[in-house]
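Here are the chains, one letter per residue:
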Amino acid sequence: MFQVSINRKFLRSMSLTATASVSVLLAACGGGTGTASYSIDSSGNLTSASASTKLANGSTQTTTVSSTPATTAGSTTTTTATGTTTTTAPTTTTGTTTPTSPTTTGTTTTTGTTTTTGTTTTPTTTGTTTTTTPTTTTALKPYGQTGTFTLTFQDEFDSWNTAKWNDAIWYETGNATKNYAVSNGSLNIWPQRDANGKFFKRTIDTYGKYYQTYGYFEIDAKLPIGKGTWPAFWLFNHIGTRRPEIDVMEAYAGGGPNSGWSDANLHPTAYAPTVWIDAGNLAGTKTILTSDLSAAFHKYAVKWEASKQTFYFDGREVFSVNVSMGDPMYIMLDLWFGSASGQADSTTPTGSGNSYEVNYVRAWKLS
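Please read these numbers as outputs of a predicted model, since none were measured by experiment. Per chain, the residues get numbers from 1 upward, laid out in the order the sequence is written. With pLDDT at 70 or above as the cut-off, local features in this predicted model cover only qualifying residues; side-chain atom pairs require 80 or more to be listed or tallied, and sums for whole chains, interfaces and linings still use all residues. To obtain the side-chain values, all non-hydrogen atoms of the structure were included, while hydrogens and water were left out.

Peer 1: Any details on the packing of aromatic side chains? Residues and values, ideally.
Peer 2: Here a Phe, Tyr or Trp ring, Trp counted by its six-membered ring, pairs with any other such ring whose centre lies within 6.5 Å, and the pair is stacked when the planes are under 30 degrees apart, edge-to-face when over 60, and tilted otherwise. This model, assessed by the stated rule, comprises 22 aromatic pairs. When the ring of F153 is compared with that of Y210, the centres are 4.6 Å apart and the planes differ by 35°; the resulting orientation is tilted. Taken as a pair, F153 in strand β11 (residues 149-155) and Y210 in the loop between β14 (202-205) and β15 (215-222) lie far apart in primary sequence, 57 residues in all. One exposure class covers both F153 and Y210, and it is buried. Relative to F319, the ring of F311 lies with its centre 5.8 Å away and its plane at 25°, an arrangement referred to as stacked. Both residues of the pair, F311 and F319, count as buried. An aromatic cluster is built from Y207, Y211, W230, W234, F236, Y252, Y330 and W336, whose rings are joined through pairwise contacts. Elements are defined by DSSP. Helices are runs of H or I of four residues or more, strands are runs of E of two residues or more, and each kind is numbered from the N terminus. Note on exposure labels: buried denotes an accessible area under 20% of the residue type's maximum, exposed denotes more than 50%, and partly exposed covers the range between, all computed with a 1.4 Å probe on protein chains only.

Encoded structure:
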């Protein structure tokens, strides 16, 4: 209950307007200070009032009232106003505010913590430094080699790249039956019969797209099995009527010049590096006896210098030919049938499960 007594005669003598407002300083219960305002009508009746008091204990008390006319006694009229009073205690906030800051690699990242007690805010900063060491990439080098090499060609076979490869030898149109694909990070070429029921050869090469004279050339591959299979990796060019050729790897199954070419199950257990100065002009060849070349991946490579060609198997030198071969050549990968392997037949496994599988092809310039 908030009650205000007003002497209307005194107010009128002050010539107040019909809606005059006056602010007065109040003494609040329990001690404190505050302000109040009210309005009266032309007859001197209180129409509205409000008061805001700050108590000694720090609380804020707000009172609003509406008025009703009261009785008159003598020269004094008493108006009783009834309203509501709201007391709000001071707000004390204790907590931790942690802003999230982005972390930048190689720079200092600061996480801020703000603690607020009462009306005092004290920022607390904890610094954290995150440092990332730059990654050093080691340039690819030929397997098992030392010295300086500059990588000039590379395909890791993450996808089939027509900007690098053709799928038929230069003088033929590729067979429409699909017997090659890039999958699981490898190029796969497999024995397959075409629409006429015949085995057909597949050549993948860089003719018209990539050539190089001299350098180091390397593949990582696993070979197919079966009678007639004849996988190869070679460097070649057709220049007018000339056919310079460096066969890095040719493997046979089901036949060959000696028993080292294959075992009884037609698994390739040997291959031959060969150098041809021209068609029919052999500079040198050698049969390299091995374990089963279809059981695991192996690296086949040649280091081609101006007057020498040196061949490597899993980084180990196995053969060399001293001859000048100065023509630029392109890279060839193929799966053919015949020659020393004989002819494929019903015993030859077909399908992608019996693939000439090439994990990568890489070439470097020599320094």
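Peer 1: Which residues make up the side chain of S294, and what values go with them?
Peer 2: Inspection of the secondary structure assignment puts S294 in the loop between β21 (288-289) and β22 (298-305). Any N or O atom pair separated by 3.5 Å or less is treated as a polar contact, with the protein-specific requirement of one donor-capable and one acceptor-capable atom, and with residues adjacent in sequence counted only for side-chain atom pairs. For S294, the side chain forms a polar contact with the side chain of D292, separated by 2.7 Å. The contact definition used throughout considers only heavy atoms, calling two residues in contact when any of these lie within 4.5 Å. The contact partners of S294, leaving out residues within four places of it in the chain, are K222, L223, P224, I225, H267 and P268.

Peer 1: Can you lay out the pairing of strand β26 (residues 356-366) for me, pointing to particular residues and giving the numbers?
Peer 2: Where burial is concerned, most of β26 is hidden: eight out of the 11 residues are buried. Criterion used throughout: strands pair if DSSP finds at least two bridges between them. In this sheet, β26 lies alongside β11 in antiparallel orientation, the contact comprising six bridges. What sits directly across from D155, in β26, is V361. Pairing of strand β13 (residues 186-189) with β26, which is carried by three bridges, proceeds in the antiparallel orientation. Considered in β26, the bridge of I189 is made with Y356. Bridge count for β15 against β26 is seven bridges, and the pairing is antiparallel. Across the sheet, the residue bridging to A221 is V358, located in β26.

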